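Coordinates in review
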Amino acid sequence: MTKRTQTLLLVDDSPVDRALYRRLLKHDKTRTWVVLEAETGKEAMEFCRTHELGCILLDYHLPDCTCLDFIKSLGQDGPIYSIPVVILTGQEDELLGLKAVQAGAQDFLLKGKLDSQVLIRSLHYAIERNQLLRAQEQQINLLRQKHQLEELPPGLQNHIGPQWNRTLEAREARFRVVIDQNVDGMVIVGEDGTIRFLNPSAEALFARPKQQLLGGAFGYPVIPGETTEITLLREEKHPVTVEMRVVEIDWGNETAHLASLRDITLRKVAEEERKRAETQMQYIQRLESLGILAGGIAHDFNNLLMTIMAHSGLAAKKMPLESPGRDHLQKIEQAALRGGELANQMLAYAGKGRPVIQTINLSTLVEEMGHLLSVSISKLAVLTYDLMAEIPPVQVDPSQIRQVVMNLIMNASEAIGERSGMITLRSGVMAVNRAYLSQGHVIGDLPDGECAYLEVQDTGTGIDEETMEKIFDPFFTTKFTGRGLGLAALLGIVRAHGGAIKVTSQVGEGTSFRILLPCAHTHEFIPQEGRDGNGSWEGSGTVLVVDDEEDVRVAAQLILEDIGFRILTARDGRAGLDMFRTNLETIQAVLLDLTMPHMSGEELFQEIRQLRPDIPIILSSGYSEEEALKRFAGKGINAFIQKPYQIDSLIDKIRQIFEKAPSLPS
């Protein structure tokens, strides 16, 4: 098939954008585009006056004018439809595009959402619609001249009338051809509101043959010069959204209206999908921001708790067993431990919790919880199971997943309330892809592939759209206040395991929470070491403690000095490196904080390893072991301890690394 050659004027002050549009136009299989480029409205207007243009692709905002100004100036040089114009806008606001269409543009497109198919189709439609409008204008001019002819003396009419009528008939025939072949639906509506003519594209839009439509009521208001959106209700077919533009014409010696109908269903679907994706992205970004905040607070809080636990523990250790003050110190230490649990809950929300990973069968885990679940729900709720026996294993922290299941079951029971209802707990395996994750309310991201899932479905009150947008916000609740992080912590646990949550709900009919987890072969986790008692073990030698928190450095120093070590301390990574270089031969172990100013724990670790490849290093962090060690995979960290740690925990870690290295004194 021979390609038609068409000249396009591309008006945009961004060379990058112009290059992109050129590349997209190369995919046109029916037209070869000769592209002229302009950066300003003034340059573009000069091209319009000096070149025969097939179409103009015009940026909404130009350095010297807007597209509305340009279209107005273009209309002053001749009919507004002398050259079809398609608008480009980077502002994702339909009102701007509609203003441009109402001013005379044929279409508008959103920058950043373009592909070759959308751009090419829009240009083709613009040119075809422009041809129709020009043919219509020619017909109107001829009809006007015909009326003028009828006012001439009879002799002059007889002389030029036949030729004039032949010209008019030829023009009308061309006009009908343009209408019949136009990809937009074309409907001519008489003054009485009935359909006088329609083209094949209009028949397809109405999904009814011409014979049923001609003479019937059009049924939609036709206002010349207006561009509106209407929904065509079609028998036995889905409704279709169309953009309607109306112009006044002469038809059969009477005034009529030509309604041009463009199917914009795909555009509306794409716009809704874009809005949904943007809303979800904003929600995810809000969760990420809150997660960063929660993680930072938890990290600093752990440092404070570390100081409390170390000093109270050391003080209790120095006191006689019968001392009444010892009991108070133990209460302080217990309160600090509970504070650590709260910090871990914030870390769970931030997706940086402390999972103890095992490979498990989700169905087996639920079966083991059966009795606990049955006594946790309302007596009016019936709990049923639909568990897949041969479900692929997942690598998770069983205690955290039990917490997730328990919370969802209790929420489902509360949603049922004081009436009878059913809660279904099911497990299974499914293939997850982008299309599935884009449907409904999904938080989290998963690669395409096989996932195991747990689903809790209830027949309760359901969740409305407004509430759905808030359910994972920290401290949000529809119950009484003071219920903690709630679903936010649940979400953090799932995200920490690399999973996602899909929520579907219908007000008055119930809610479903589906927890999606990657199958075991897709993720690897670092197992957490068990602890041994340290008894009355004592050590000797020099240990370097590097931490940017003075209280933490002091606490670690007091603990290790108490069991016989000489301690060197440094307040940040650079100071730690200088201290290590100065005492290169005498330092026998390093207790290293992960997050520090000037030089991070990771950078300092690499520098130390270059100087002493064999030196034992214990990494310390308020984040979980898995989260902290992500940066050190395969690099040989000897041990990890999470803040806030108790005295025995630190002594135990030091003892382990000294016992594993025979050359070190112990």
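The present account deals with the structure reproduced in this document.

**Some thoughts on the overall build of the protein**
Assigned secondary structure in the protein consists of 21 helices and 23 strands. When burial is assessed residue by residue, the protein has 48% of its 666 residues classed as buried. Across the protein, contacts joining residues at least 24 apart in sequence account for 68% of those joining residues at least 6 apart. In the form shown here, the protein has an accessible surface area of approximately 32,300 Å², with 51% of it arising from carbon and sulfur atoms.

**Concerning helix 21 (residues 647-660)**
Here helix 21 spans 20 Å end to end across 14 residues, near enough to the 20 Å set by a 1.5 Å rise per residue. The buried fraction of helix 21 amounts to 11 of the 14 residues, a majority that puts the element mostly inside the structure. Among the residues of helix 21, Ile647, Ser649, Leu650, Ile651, Asp652, Lys653, Ile654, Arg655, Gln656, Ile657 and Phe658 are the ones counted as buried.

**Here we look at the nonpolar core**
Ranked by size, the top nonpolar core spans 40 residues in total, and within it Leu362, Ile409, Ile423, Phe472, Ile501 and Phe513 carry the most contacts. At 8 residues, helix 13 (residues 398-416) tops the list of elements feeding residues into this core. Aside from chain neighbours lying at most four places away, what touches Ile409 is Leu373, Ile377, Leu383, Ile423, Leu425 and Val456. Judged by nonpolar contacts, the second largest core, of 26 residues, contains Met306, Leu650, Ile657 and Phe658.

**Topic: the packing of helix 17 (residues 550-562) against helix 21**
Between helix 17 and helix 21, whose axes approach to 10 Å, the crossing angle comes to 65°. As for how helix 17 packs across helix 21, the hand of that crossing is right-handed. Two secondary-structure elements touch here, helix 17 through Ala556, Ile559 and Leu560 and helix 21 through Ile647, Leu650, Ile651 and Ile654. Residue classes in the contact of helix 17 with helix 21 are distributed as 7 nonpolar, no polar and no charged.

**Here we look at the pattern of salt bridges**
Using the criterion set out here, one finds 11 salt bridges in the structure. Between Asp192 and Arg196 there is a salt bridge, with its nearest N and O atoms 3.5 Å apart. Note that Arg426 and Asp386 form a salt bridge whose closest N and O atoms lie 3.7 Å from each other. Of the two residues, Arg426 is situated in strand 14 (residues 421-432) and Asp386 in strand 12 (residues 381-386); the sequence distance between them amounts to 40 residues.

Calculation notes
- Residues numbered from 1 in each chain as written.
- Predicted model: local features only at pLDDT ≥ 70, side-chain atom pairs only at ≥ 80, totals over all residues.
- Heavy atoms only, no water.
- Helix = DSSP H or I, 4+ residues; strand = E, 2+ residues; numbered from the N terminus.
- Buried < 20%, exposed > 50% of the residue type's maximum accessible area, 1.4 Å probe, protein only.
- Contact = heavy atoms within 4.5 Å.
- Areas by Shrake-Rupley, 256 points an atom, 1.4 Å probe, with all protein chains shown as cover.
- Expected span 1.5 Å × (residues − 1).
- Core = buried A, V, L, I, M, F, W, Y, C linked by side-chain atoms within 4.5 Å.
- Axes fitted to C-alpha atoms, helices over the stretch in contact; angles between N-to-C directions.
- Left-handed = near helix turned anticlockwise from the far one by under 90°.
- Nonpolar A, V, L, I, M, F, W, Y, C, P; charged D, E, K, R; others polar.
- Salt bridge = Lys/Arg side-chain N within 4 Å of Asp/Glu carboxyl O.

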